[in-house]
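Commentary on secondary and tertiary structure
Spelled out from the first residue to the last, the chains are:
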Amino acid sequence: MSDSKFEPKIMAFVCNWCTYTGADLAGTSRMKYQSNVRMIRVPCTGRIDPMFIIKAFESGADGVLVSGCHPGDCHYTAGNFHARRRWILFRQLLKFVGIDDDRVFFSWVSASEGKKWVDVINEITDTVRTKGPFVNYQNLNKEFTLNG
Amino acid sequence: MMRIGVFVCHCGENIGKTVDCPKIAKEAVKLPNVVYSIDYKYMCSDPGQNMIKQAILEHKLNAVVVASCSPHMHEKTFRKACAAAGLNPYMCEIANIREHCSWVHDNVEEATKKALDLIRMTVERVKFNYPLSEIRVPVTRRALVIGGGIAGIQATLDIAGAGFKVILVEKEPSIGGHMSQLSETFPTLDCSQCILTPRMVEVYQHPNVKLYTYSEVENVEGFIGNFKVTIRKKARSIKESLCTGCGLCVQKCPIKKAPSEFDEGLANRPAIYVPFPQAVPNIPVIDRTVCTYFKTGKCQLCKKVCGRDAIDYDQKDELVTEDVGAIIVATGYKLYKIDKKARDSLVKGYGEYGYGKYKDVIDGLQFERLASASGPTSGEILRPSDKKQPKKVVFIQCVGSRDPSKGFEYCSKICCMYTAKHAMLYKHKVHDGEAYVFYMDIRAGGKGYEEFVRRAIEEDRVKYIRGRVSRIYEKRGKYIVKGEDTLSGVPVEIEADMVVLATAIVAQPEAPKLAQTLGIPYDKYGFYAEVHPKLRPVESSSGGIFLAGACQSPKDIPESVAMASAAASKALVLFGNEMLEREPIVAKVNENTCVGCFYCKKVCAYNAIELKEIRDKKGNLVKVIASVNTGLCQGCGTCNATCPSKSIELIGFNDEQIYYQIKAL
Amino acid sequence: MADIISIAKSIFENQKAEMIIGYAKATKEGRTRPVVVRTLDEVKELVLNSFCLNNLSTYLTRKENKGKRVAIVAKGCDIKAIVQLIAENQIRRENVYVVGVKCSGVRRGFEGHDSTKIAEKCITCNVKTPHLFDELVEMKGEELPGTDEKAESIVKLEQMTANERFAYWEEQFERCIKCYACRQICPLCYCERCIADKSMPRWIETSPTKRGNFAWNIVRAFHLSGRCIGCNECERVCPAGIPLSLINRKMAKVAKSEFGYESGMDPNAPTLIGTYDVKDKEDFIR
């Protein structure tokens, strides 16, 4: 599957107040980044369920990004602190079943960090592109397609 | 049966240039349940909105997807348009194909593909939207103003004047802020205190104002219209109700050598002191770090001379709570102290200017105190080192500002004007003196500002040199200022008697902490972030919390005052109604499946989860489950993600909506 | 120390509970089965020996037992589950009468199924004398041999590449038949409607496909992260022989190393999920 034309699908789950707004800022500042990312806006990183990440892979994502406000900046006081603790556990679980840090990414991007958003997206898009399609997970999907 | 309409906006060229809008409109109509789709130049315009309204009626649409700019921009606009056509506004969703697509990608094919993906995902999501209606909550019609500088004073007086109660909290012993320290103000050269002190007194005497000085906001709970604020009244060591402000204690205090904050260290004050003669309230405070009694347990001179027995050494910090409906943050600025090691990694500092090392290298606020009639020199310009009149003064602008390599990237905005003012004041006071100004550019936008600078140059003969200063060093009692005149391209060396640095305006060092207490965003410099830079410049992204003055970015007095009045009017808009309508984005419990593990309660930052007893028909307790107080819930959805059985879901961002959005990837 | 039967008698005689959940002799020798004893006459059924492997605390949250005053025979490991259930508001301390078992280890399986070895969970047990109880009873046991092979397997897995790990688990999970026995036996899977049974939306496919199996097993493990007390019942009952304890123990290891947290020790201690520390490690976040 080392197709040179491979373009990764990146799914991003972002909080409304920081990262989504930071991505808006990247837009208003006309910064450019790779177009592989598809973003889903939720109010807070606290809302981001590990199920979302699983479902993204089931839907064919090659990489998943979870991003929100920096610690202490949460619009809802502590949503990102709870999220962080959840991610610490979930990330280790994913690693243990063979889904490594080059498939799932986490970042803090504030409303003023349009540039950081651009860098994060470019960086993870490159990482996932180099890594190639998430064949492992897509093989799990395959069987499902056969069975309908 | 869902009947969805997709409306694709070109946003002039903004989207249309990189996204093939007609094509995606054609493609969108092929998506399941999409019955109508159209593209238009400006969807947000009247004709654009009318197209949506008409289509809703003509095609019996029960859901709408608008592919346009960020929902932060026009979600409300389009939802309103839908509502006008009889469609529940929450049946309208936005696909952001501008900020997140056309503006950030160059390739038309890629951008078009992405735009279509985003639309498809949004269409799938909107299928699981359902009609919602606003939640109504009562409004506490009292305001809290944090910061008693000119911005806070203005906001306080405006709200109080409209007939509502205001609580003003100031962390220093007196209100007045930086403006009370200034000598004269640009561009009119009217005396700062003469215009400020009447307003300070007005605040003090206003029946609608409750003033807490020497106090800080400790905690804020609640939400727009319903905040509960905890204020820490720091121990003043004076019983405020007994003190008459006679000042005897201040006169008798044996400690005379504590550096005066008000005079920026150019003069001293006692341990028990009133910051300045016109202070409001005119009640002293004991600086416990220098007071002999607090250090050794002996003295008590102030207590002995006080005829009212107002001195209270045992006074403790007191916590008071206040209910308010709106909060105005007006915490102001600080000057960047370049002698101190940079307080964060943002700046490298300017050790080569010798501030802190040379007594006669001072900053702008120190010069204000020298020029002020109430200052340590009674308004005479004298060198701090030997109290001699300086005959040659160099003013350096942009020290720390507009300097990405060593300082801050931003412009501090007011220094061009105050430096011109300083040079002018100097020339007015020292007729045979010479004033030099090193500048990068002169930014004198504002009514009468350019004229003011011209006056300094042309009438008062201030010598402006375009260039930066590389170094200042002392030589035989003079300060050698080495720089460059970039206009003539020659190095410049001036033997100055005094140097005044227009150091950068920086955010209060505690600004991020307060922001976290309030739950409002701030930028990397610590300035508070407005929700929209142009159209909502005085609102923070937290409902009911407004911004005024230099806490948001460097500002001069007229701007701060204007912003304060704007913030006050925003609070008054809120107070215009007894009930407030809130977005219905709150959590909801599935009572059938909740088993009451209360992990939702543990993660809720708003105490919005309450216990509910479920009983059978005979009244026997079946189970205790979670229940949401919709007045307190702010809709973050952390409970939803935490709940293992998904028995609590966030309305508007529920599992189905997100699930199908992901599935459409 | 009194034996289990006289303890049970006195529980009924002194009306300390309406029922006793304990172990009884199974029809076959060398086995035990869970039993609920409700009368003095039935008390004689109770036994306590090294075949008492089951964690009976799973019955505490059954609908028919909820809210009743129940006595339970529980080893230290089982009591960890009880502690966790109290911390998660599923049972009230005052409603459960804990007959804590001083235990020197139970057998890995019943007669003919690894019955000569000590259960792996007993090798690392830190609650041989229970940490929460109303009354103690001693289980007479003999020294059993056995090593903790799973601990080595976890380290081995950790050292593999991501692809190898993925392949390993793909193979393991492939065998899953979605019978949910792991969930039914788990004392901490007390949800009345498991996320796996939620249909709107259907986060986890119901049919035993590779993809659905993967999702289920990850979610099961995640929902137990920071909660699982390591009784290993899920693995014991898994008809497909999936080594679930590897995942469970890995997550317990993470909880310990990242947060110094151990579940099931103190009913009043803050739970791992549901609390946070501003200093939680975030070296993996950009």
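Worth saying up front: this structure is predicted, and the values here are computed from it rather than measured.

Definitions and cut-offs
Residues numbered from 1 in each chain as written. Chains lettered and ligands numbered in written order. Predicted model: local features only at pLDDT ≥ 70, side-chain atom pairs only at ≥ 80, totals over all residues. Heavy atoms only, no water. Helix = DSSP H or I, 4+ residues; strand = E, 2+ residues; numbered from the N terminus. Buried < 20%, exposed > 50% of the residue type's maximum accessible area, 1.4 Å probe, protein only. Contact = heavy atoms within 4.5 Å. Areas by Shrake-Rupley, 256 points an atom, 1.4 Å probe, with all protein chains shown as cover. Lys, Arg positive; Asp, Glu negative; His and termini not counted. Charge placed at Lys NZ, Arg CZ, Asp CG, Glu CD. Rg over C-alpha atoms; globule rule 2.2 N^0.38 Å. Domains from an automatic or database assignment. Buried area = accessible area lost by both parts, 1.4 Å probe. Salt bridge = Lys/Arg side-chain N within 4 Å of Asp/Glu carboxyl O. Polar contact = N/O pair within 3.5 Å; in protein donor to acceptor, adjacent residues only side chain to side chain. Nonpolar A, V, L, I, M, F, W, Y, C, P; charged D, E, K, R; others polar. Pairing = 2+ DSSP bridges. Axes fitted to C-alpha atoms, helices over the stretch in contact; angles between N-to-C directions. Expected span 1.5 Å × (residues − 1). Arc of directions from axis to C-beta. Disulfide = S-S within 2.5 Å.

**Thoughts on the overall build of chain B**
Helix and strand counts for chain B come out as 18 helices and 34 strands. Relative to its 665 residues, chain B shows a buried fraction of 58%. For chain B, the share of sequence-separated contacts (at least 6 apart) that also reach a separation of at least 24 residues comes to 69%. Counting only carbon and sulfur atoms, one obtains 51% of the accessible surface of chain B, whose full area is about 27,600 Å². Of the charged side chains in chain B, 91 are positive and 76 negative, and the gap between their average positions amounts to 3 Å.

**Here's the deal with the overall build of chain C**
Helix and strand counts for chain C come out as 9 helices and 6 strands. A compact globule built from 286 residues should have a C-alpha radius of gyration of about 19 Å, and chain C, at 20 Å, falls within 12% of that. Along the three orthogonal principal directions, the C-alpha set of chain C runs to about 60 × 40 × 35 Å. Split into buried and exposed, the 286 residues of chain C put 56% on the buried side. Within chain C, contacts between residues at least 6 apart in sequence are counted, and of these 72% link residues at least 24 apart.

**A look at the domain arrangement of chain C**
Quoted interface sizes are often the accessible area lost when the parts come together. Residue and element names in this part refer to chain C. For chain C, the assigned domains read domain 1 (4–138) and domain 2 (149–259). Using only C-alpha atoms to locate each centre, domain 1 and domain 2 end up separated by 25 Å. Domain 1 puts 20 residues into the contact, and the matching count from domain 2 is 16 residues. Between domain 1 and domain 2, a total of about 1,500 Å² is buried, with carbon and sulfur atoms accounting for 47% of that surface. Linking domain 1 with domain 2 are 3 salt bridges. In this structure, the salt-bridge partner of Arg108 is Glu149, at a minimum N-O distance of 3.3 Å. Inspection of the region where domain 1 meets domain 2 yields 10 residue pairs in polar contact (both at pLDDT 80 or more). Tallying contributions element by element places helix α2 (residues 76–87) first for the side of domain 1 that touches domain 2, with 5 residues. When the residues that make up the side of domain 1 that touches domain 2 are grouped by side-chain class, the tally is 5 nonpolar, 7 polar and 8 charged.

**Structural notes on the sheet that holds strand β3 (residues 63–68) of chain A**
All names here are of chain A. Pairing within the open sheet is parallel, and its 4 strands lie in the order β2-β1-β3-β4. Edge strands, defined here as strands with exactly one partner in the open sheet, are β2 (37–42) and β4 (104–108). Adjacent strand axes in the sheet meet at a mean angle of 20 degrees when their direction is disregarded. Two elements, β3 and β4, share 5 bridges in a ladder whose sense is parallel. Bridging across to β4, Val64 finds its partner in Val104.

**Thoughts on the pattern of salt bridges**
All names here are of chain B. Inspection of every chain in the model, using the stated rule, returns 80 salt bridges over all chains. For the salt bridge of Glu264 with Lys337, the shortest nitrogen-to-oxygen distance reads 3.4 Å. Note that Glu264 is positioned in the loop between β13 (258–259) and β14 (268–269) and Lys337 in the loop between β19 (333–335) and β20 (361–363), a separation of 73 residues in sequence. Across the pair Asp363 and Lys337 runs a salt bridge whose closest N-O atoms are separated by 3.0 Å.

**Describing helix α15 (residues 557–575) of chain B**
Residue and element names in this part refer to chain B. Counted at 1.5 Å a residue, the expected span for α15 with its 19 residues is 27 Å, and the 27 Å between its end C-alpha atoms agrees. Within α15, burial applies to Ser560, Met563, Ala564, Ala567, Ala568, Ala571, Leu574 and Phe575. Projected down its long axis, α15 carries its buried residues within an arc of 140 degrees, all on one side. Looking at the buried side of α15, the elements it contacts are β6 (142–146), α6 (150–161), β18 (326–329), β29 (545–547) and β30 (579–582). A side-chain oxygen of the first residue of α15 lies 3.1 Å from the backbone nitrogen of Glu559; this N-cap is Asp556.

**Focus on the environment of B:Asp39**
Residues and elements named next belong to chain B. Its place among the elements puts Asp39 in strand β2 (residues 34–40). For Asp39, a relative accessible area of 22% puts it in the partly exposed group. Through-space distance from the C-alpha of Asp39 to that of Met51 is 9.9 Å; in sequence the pair is 12 residues apart. Residues contacting Asp39, with those up to four places away along its chain left out, are Val8, His10, Cys21, Pro22, Ala25 and Met51. In this structure the side chain of Asp39 is engaged in a polar contact, spanning 2.7 Å, whose partner is the side chain of His10.

**Remarks on the side chain of C:Lys121**
All names here are of chain C. Here Lys121 lies in helix α3 (residues 120–123). It turns out Lys121 is buried and unbridged, and the closest side chain with the opposite charge, Glu233, is 4.6 Å from it. One polar contact links the side chain of Lys121 to the main-chain carbonyl oxygen of Leu53, over a distance of 3.5 Å. Once residues lying within four places of it in the same chain are set aside, the contact partners of Lys121 are Leu53, Cys77, Val106, Gly230 and Cys231.

**Let's talk about the interface of chain B and chain A**
Of the residues lining the interface, 48 residues belong to chain B; the matching set on chain A comes to 45 residues. Both faces considered, chain B and chain A share a buried interface measuring about 4,000 Å² in area, 57% of it formed by carbon and sulfur atoms. Sorting the residues of chain B by area buried against chain A places B:Trp103, B:Ile662 and B:Leu665 first, and these three jointly supply 18% of that buried surface. In this assembly, chain B and chain A are joined by 5 salt bridges. For the salt bridge of B:Asp117 with A:Arg38, the shortest nitrogen-to-oxygen distance reads 2.8 Å. Where chain B touches chain A, the interface holds 21 residue pairs in polar contact (both at pLDDT 80 or more). Counting residues per element, the ones that place at least two in the side of chain B that touches chain A are α3 (71–84), α4 (98–102), α5 (108–126), α16 (599–603), α17 (638–642) and α18 (655–663) of chain B. Here the residues of the side of chain B that touches chain A are counted per class, giving 17 nonpolar, 18 polar and 13 charged.

**Let's talk about the interface of chain A and chain C**
Between chain A and chain C, the contact holds 44 residues from the first and 45 residues from the second. Taken together, both faces of the contact between chain A and chain C bury some 4,400 Å²; the carbon and sulfur share is 68%. Taken as a group, A:Arg85, A:Leu89 and A:Phe96 account for 20% of the area that chain A buries against chain C, more than any other trio of residues on that side. On the surface where chain A and chain C come into contact, there are 5 salt bridges. When the shortest N-O distance is used, the salt bridge between C:Asp280 and A:Arg85 registers 3.0 Å. Run the count over chain A and chain C and you get 16 residue pairs in polar contact (both at pLDDT 80 or more).

**Digging into the pairing of strand β6 (residues 135–138) of chain C**
Consecutive residues of a regular strand have side chains that alternate between opposite faces of the sheet. All names here are of chain C. Where burial is concerned, the two faces of β6 differ: the one with Glu135 and Val137 is buried and the one with Leu136 and Glu138 is not. Here strand β5 (residues 96–102) runs beside β6; their pairing, made up of 4 bridges, is parallel. Bridging from a neighbouring strand, Lys102 pairs with Glu138 of β6.

**Details of the state of the cysteines**
Counting across every chain of the model gives 2 disulfides over all chains. Between A:Cys18 and A:Cys69 runs a disulfide, and the two sulfur atoms are separated by 2.2 Å. Given an S-S torsion of about 100 degrees, the disulfide between A:Cys18 and A:Cys69 has right-handed geometry. Linking A:Cys18 in the loop between β1 (10–15) and α1 (19–28) with A:Cys69 in the loop between β3 and α3 (79–96), this pair joins segments that are 51 residues apart in sequence. Across the pair, exposure class does not vary: A:Cys18 and A:Cys69 are buried alike. In this model B:Cys191 forms its disulfide with B:Cys194; the gap between the sulfur atoms is 2.2 Å. Residues B:Cys191 and B:Cys194 are joined by a disulfide whose S-S torsion is about 85 degrees; by sign, that bridge is right-handed. Given a relative accessible area of 27%, B:Cys191 falls into the partly exposed group. Its sulfur unpaired, B:Cys306 is 6.3 Å from the next cysteine sulfur, which belongs to B:Cys246.

**Topic: unusual backbone geometry**
Residue and element names in this part refer to chain B. Pro187 follows Phe186 through a cis peptide bond whose omega is -5 degrees. With respect to the helices and strands, the residue Pro187 is situated in the loop between β8 (184–185) and β9 (190–191). The omega torsion of the bond from Val280 to Pro281 falls at 0 degrees, within 30 degrees of zero and hence cis. Structurally, the position occupied by Pro281 is in the loop between β15 (272–273) and β16 (285–286). Even without glycine at this site, Lys413 takes up a positive phi of about 70 degrees. Secondary-structure assignment places Lys413 in the loop between β21 (392–399) and α12 (415–429). A relative accessible area of 42% places Lys413 in the partly exposed class.

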